[in-house]
Amino acid sequence: MTNAETILKLNEALSTLIKAYEELQEENTGLKARINELEDEVLELESAKEDLEKNVDEFKDHTEKDKSNISTMLGKIESILNRKSSTSTPSTNPVSSNTTATPEASKEKTEDKKDDIFSASVNPTTTNSLYDNKKEEPKEESNSNKIDLNRMASLLNGFNH
């Protein structure tokens, strides 16, 4: 082998190495770009996760407030019902009197009870949400505004047990 042949083979090998090095550099540049894209996606996902955690915390807070408001309202209703039931005698049971009394007398008793119940102080922000569903009820029931205290008492007893 002569010096010229050796130089030619070394030159070819060097060209091959340079070409391989350039390909690796291009691949490395592409991988770096992909890494940057993935890092950006991770940051976006972390931001979305923080937003979702904040929303979950807000929902938990609202749920606790709603539970507290409902408990307060139920306590007030129960105390009103207990106060009403302690002042009435067992012989004046509204259910039995409604079956034997005239509709006019029943309506007067119900209206008196309604006035007493609504004279108690109730949180206005919570009552709005409770009575919003009442708009969907039939007109005749919302117009008469009848309140069956025994039914409300039995419902409250169901919550306690």
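Residues numbered from 1 in each chain as written. Predicted model: local features only at pLDDT ≥ 70, side-chain atom pairs only at ≥ 80, totals over all residues. Heavy atoms only, no water.

Q: Just to check I follow, could you spell out the pattern of salt bridges for this structure?
A: A complete count under the given rule lists two salt bridges for this structure. Arg34 is the partner of Glu37 in a salt bridge, and the nearest nitrogen-oxygen pair spans 3.4 Å. Highlighted residues: Glu37 and Arg34, both in helix H1 (residues 3–87), separated by three residues, approximately one helical turn. The class of Glu37 is partly exposed, set by a relative accessible area of 44%. (Salt bridge = Lys/Arg side-chain N within 4 Å of Asp/Glu carboxyl O. Helix = DSSP H or I, 4+ residues; strand = E, 2+ residues; numbered from the N terminus. Buried < 20%, exposed > 50% of the residue type's maximum accessible area, 1.4 Å probe, protein only.)

Q: Please explain a negative patch on the surface as it appears in this structure.
A: A contiguous patch of negative charge, built from Glu46, Glu50, Asp51, Glu53, Asp57 and Glu58, is present on the exposed surface. Within the secondary structure, Glu50 sits in helix H1. (Patch = residues over 30% accessible without salt bridge, like charges linked within 9 Å, V, L, I, M, F, W, Y side chains within 5 Å. Areas by Shrake-Rupley, 256 points an atom, 1.4 Å probe, with all protein chains shown as cover. Lys, Arg positive; Asp, Glu negative; His and termini not counted. Charge placed at Lys NZ, Arg CZ, Asp CG, Glu CD.)

Q: Would you mind showing me how to read H1 here?
A: Side chains three or four residues apart in an α-helix point the same way, a direct result of the helix having 3.6 residues per turn. Over its 85 residues, H1 runs 123 Å from end to end, which matches the ideal 126 Å to within 8%, given 1.5 Å per residue. Burial in H1 covers these residues: Met73, Ile80 and Leu81. (Expected span 1.5 Å × (residues − 1).)

Keep in mind these numbers describe shape, not what the thing actually does.
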